Amino acid sequence: MTQHDPALLSAALAGAERAMNQAIALSPTSHQALGGLSGTLLGVEVTTLDLTLYIKMVDATEVRLMTHCEDQTDAFVRGTLEDFGALATSEDPAAILINSSIELQGSSHSLIALQQVVSRMDIDWEAPLVDALGDVMGHQIAEGLRSVFRWGEGARASLKRQVSEYLLEEGRLTPPKAELEHFYDAVQSLAMRVDRAQNQVEKLLAKAALKRETQ
Amino acid sequence: MSEDRANTAEDNDNTTDFGFTRVDRDAKAGMVRGVFDSVASRYDLMNDLMSGGIHRLWKRFTIELCAVRPGQTILDIAGGTGDLAARFSRLVGQDGKVILADINAAMLEVGRDRLIDKGASDNIEVVQADAQYLPFADNSIDCITIAFGLRNVTDKAIALQSMLRVLRPGGRLLVLEFSKPTSPLLGKIYDQYSFQILPAMGRLVAQDADSYRYLAESIRKHPDQETLLAMMADAGFVESRYHNMTGGIVAVHQGFKA
């Protein structure tokens, strides 16, 4: 168990659990997939925060987050906050699991399945607004929010593209991706050649030592 | 106030603590009953006000430490208004059983009504019982919790032995109780809060400052973390340990029956 105050952790987890269950309730399309994960228990250790938590899929509509659990986990993953951020947002979680520094014990199947359910969640934000404000007002506000999100998403993508272009073309501050990959390949090839040369030298030295002993 | 904290290595004479007052042993249970009769109807509201809602987090962590499994039998002593019992009811499922026990009938009545309102009464039994003399068979309970109740028990050693008796081998006891803040500064702030603000809140919300003054005093007289740990070991619990919460204002002690 971590050294954090259990009450503080419980507060954070209670808030996160409530938000997750709210999101699940507003995403009926994910219920079937979550139902298939019922009973699954995942353990997550975030080394950056010295924090271990457990995620239990209770049923199709409920997730439980815990700081302490004595049951056998289906999968236990250990990594940094950055690793988990990359895993959560990745379109190819299997690749992240293989290539990042995340350590996995147990089956990766349930972890990847959960990641995919979360990333494909289609949350119907309009439903609670309509419930609270009525059909007309609720729909209008939801449309307004959707426009704001669309604009935000477009602005984010555009900013990312422009920053990337500036760094590459205008500022010449970073090399193009292809050039970088070529450089990595060259470094890797050099490292392998050095390894081979070192092995050859060791072999020759061993041979010379043997020759000296026999003389 | 820490020097006032009694180690409650149960008193040798025929008196015991009732807050900062010494009273006859036989009278304490009745006096505690009087306090809780007075606050029963607003107990949860006052708990929320007194702790800023943090008592829910302390209880949440305690429930996690119970590691309850479906089909188990859980005894919640001093369970009062039934908030832990409602949660346990879901965790043990239809094959399990939760026993909500309290010495105080008024608290149990509030708890039972609340559980019925929540639709959580199917696998819950409500029993009026004294923690010192639990009316259950030996080795019959998988897990016992007592949240904010042990300090009101007249003889804590007898109560701990009674709990050990009814636990199954391998079963566990969780004691959630106010304890001693780990930082002296926090201790001073907490004393001010307990003896100035808490009775005032009791007067405003429950029209009963005296009962809430007793609650503050009884917290100060309750054994600190290490003393309670030693008492659990004396009673026969093994693998005992505790977790401080909110700077030691509250601690949850855990022990197992060998």
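What counts as what
Numbering of residues starts from 1 in every chain and runs along the sequence as written. Starting at A for chains and at 1 for ligands, labels are handed out in the order in which the entities are written. Side-chain atom pairs in this predicted model are given and counted only at pLDDT of 80 or more, local residue features only at pLDDT of at least 70, and totals for whole chains, interfaces and linings cover all residues. As a convention, hydrogens and water are excluded, and side-chain values are obtained from all of the structure's heavy atoms. We call two strands paired when DSSP finds no fewer than two bridges between them. For the purposes of this entry, the term helix denotes a DSSP run of H or I that reaches at least four residues, the term strand denotes a run of E that reaches at least two, and both are numbered from the N terminus. For helices, the fitted axis covers only the stretch in contact; all axes are lines through C-alpha atoms, and the angles between them, taken along N-to-C directions, range from 0 to 180 degrees. The contact criterion used is simple: two residues touch if any of their non-hydrogen atoms lie within 4.5 Å. Put plainly, a pocket is an open set of points on a 1 Å grid over the protein atoms alone with protein on both sides within 12 Å along at least five of seven lines, a cavity is a set where a 1.4 Å probe fits but cannot get out, and a lining residue has an atom within 4 Å of a point. Grid points are joined across faces, edges and corners, and a volume is the space filled by probe spheres set on the points. Lys, Arg, Asp and Glu make up the charged group, whereas Ala, Val, Leu, Ile, Met, Phe, Trp, Tyr, Cys and Pro make up the nonpolar group; the residues left over, Gly among them, are polar. Only protein chains enter the accessibility calculation, which uses a 1.4 Å probe. A residue is then buried if its area is under 20% of the maximum for its type, exposed if over 50%, and partly exposed in between. Arc, as used here, means the arc of the directions from the helix axis to the C-beta atoms. A quick way to say it: buried area is the sum, across both parts, of accessible area lost when two parts are put together, with a 1.4 Å probe. For this document, the term salt bridge refers to a Lys or Arg side-chain nitrogen within 4 Å of an Asp or Glu carboxyl oxygen. The definition of a polar contact used here is a pair of N or O atoms within 3.5 Å, where within protein one atom must be able to donate a hydrogen and the other to accept one, and adjacent residues in sequence count solely through side-chain atom pairs. For any pair of crossing helices, the crossing counts as left-handed if the nearer helix is rotated counterclockwise from the farther one by less than a right angle, and right-handed if it is rotated clockwise. Geometry of aromatic contacts follows a simple scheme: Phe, Tyr and Trp rings, the Trp one being its six-membered ring, pair when their centres are within 6.5 Å, and the pair is stacked under 30 degrees between planes, edge-to-face over 60, tilted otherwise.

Enquirer: Please clarify how the sheet that holds strand S8 (residues 238-245) of chain B should be interpreted in this entry.
Expert: Residues and elements named next belong to chain B. With respect to topology, 7 strands assemble into an open sheet ordered S5-S4-S3-S6-S7-S9-S8, the strand pairing being mixed. Each edge of the open sheet is held by one strand with a lone partner, namely strand S5 (124-128) and S8. Between one strand axis and the next, the sheet turns by 15° as a mean value, whatever way the strands run. Relative to S5, strand S4 (residues 97-102) runs parallel, the two sharing 5 bridges. Residue pairing in the sheet places Leu 100 in a bridge with Val 126 of S5. Against the sheet, helix H3 (residues 54-66) engages strand S6 (141-147), strand S7 (167-178), S8 and strand S9 (250-256), with an angle of about 165° to S7.

Enquirer: Explain the layout of surface pockets to me, please; I cannot follow it from the model alone.
Expert: Over the atoms a probe the size of a water molecule is rolled, and this reveals where empty space is left. Approximately 700 Å³ is the volume attributed to the largest pocket. Broken down by secondary-structure element, the contributors of at least two residues to the lining of the largest pocket are helix H1 (6-25), strand S1 (41-46), strand S2 (51-59), strand S3 (62-66), helix H3 (81-89) and helix H5 (108-119) of chain A. Examining the composition of the lining of the largest pocket, we find that 6 residues originate from one element, H1 of chain A, more than from any other. Residue composition of the lining of the largest pocket, grouped by class: 26 nonpolar, 2 polar and no charged. Considered as a void within the structure, the second largest pocket measures approximately 590 Å³ in volume. Lining of the second largest pocket is provided by 20 residues; of these, Arg 56, Arg 60, Ile 63, Asp 83 and Arg 87 of chain B occupy positions nearest its centre.

Enquirer: Explanation requested: unusual backbone geometry in the structure shown.
Expert: For Asp 50 of chain A, which is not glycine, the phi torsion reads 50° and is therefore positive. Considering the arrangement of structural elements, one finds Asp 50 of chain A in the loop between S1 and S2. A relative accessible area of 43% means that Asp 50 of chain A is categorised as partly exposed. The backbone phi angle of Glu 239 of chain B is positive, close to 55°, even though this residue is not glycine.

Enquirer: Just checking my understanding: could you explain H3 of chain A for this structure?
Expert: Residue pairs three or four apart in sequence face the same way in an α-helix, which turns once every 3.6 residues. Residues and elements named next belong to chain A. Inspection of H3 places Asp 83, Phe 84 and Leu 87 among the buried residues, and these make up the whole buried set. For H3, the buried positions fall inside an angular range of 90° around the axis, keeping them on one side. Residues Glu 82 and Thr 89 are exposed on H3 and point more than 90 degrees away from its buried face. Contact partners of the buried residues in H3: S1, strand S4 (75-79), helix H4 (93-99) and H5.

Enquirer: Is there a simple way to think about the interface of chain A and chain B in this case?
Expert: Interface size is commonly expressed as the accessible surface area that is lost when the partners come together. Contact with chain A, which involves 17 residues of that partner, is made by 18 residues of chain B. Here chain A packs against chain B, burying approximately 1,400 Å² in sum over the two surfaces, 48% of which is carbon and sulfur. For the pair chain A and chain B, the number of links is 4 salt bridges. Measuring nitrogen to oxygen at the nearest pair gives 2.7 Å for the salt bridge that ties Glu 70 of chain A to Arg 172 of chain B. Our count for the contact surface shared by chain A and chain B stands at 9 residue pairs in polar contact (both at pLDDT 80 or more). Looking at the side of chain A that touches chain B, the elements with two or more residues in it are H1 and S3 of chain A. Sort the elements by how many residues they give to the side of chain A that touches chain B and H1 of chain A lands first, with 7 residues. Per-class residue counts for the side of chain A that touches chain B are 8 nonpolar, 3 polar and 6 charged.

Enquirer: Help me understand the packing of helix H6 (residues 126-133) of chain A against helix H7 (residues 135-170) of chain A, please; the structure alone is not making it clear to me.
Expert: Between two packed helices, what matters for the description is the angle formed by their axes and the separation of those axes. All names here are of chain A. As a packed pair, H6 and H7 sit with axes 7 Å apart at the nearest point and diverge in direction by 145°. Note that H6 runs across H7; the crossing there is right-handed. Taking contact as the criterion, the partners of Glu 126, Leu 129, Val 130 and Leu 133 in H6 are, on H7, Asp 135, Met 137, Gly 138, His 139, Ile 141, Ala 142, Leu 145 and Arg 146. The residue inventory of the contact of H6 with H7, partitioned by class, reads 7 nonpolar, 2 polar and 3 charged.

Enquirer: Got a minute to help me understand the packing of aromatic side chains in this structure?
Expert: Residues and elements named next belong to chain B. What the rule picks out here adds up to 4 aromatic pairs over all chains. Between Trp 58 and Phe 148, the ring centres sit 6.0 Å apart and the planes meet at 55°, which makes this aromatic pair tilted. With Trp 58 in helix H3 and Phe 148 in the loop between S6 and helix H6 (156-166), this pair connects stretches of sequence that are 90 residues apart. As far as burial versus exposure is concerned, Trp 58 and Phe 148 are alike and both buried. A centroid spacing of 4.8 Å and a plane angle of 40° characterise the contact between Phe 148 and Phe 178, whose relative ring orientation is tilted. A residue pair is termed long-range when its members are at least 10 positions apart, and Phe 148 in the loop between S6 and H6 and Phe 178 in strand S7 qualify at 30 residues. For Phe 178, a relative accessible area of 13% gives the class buried.

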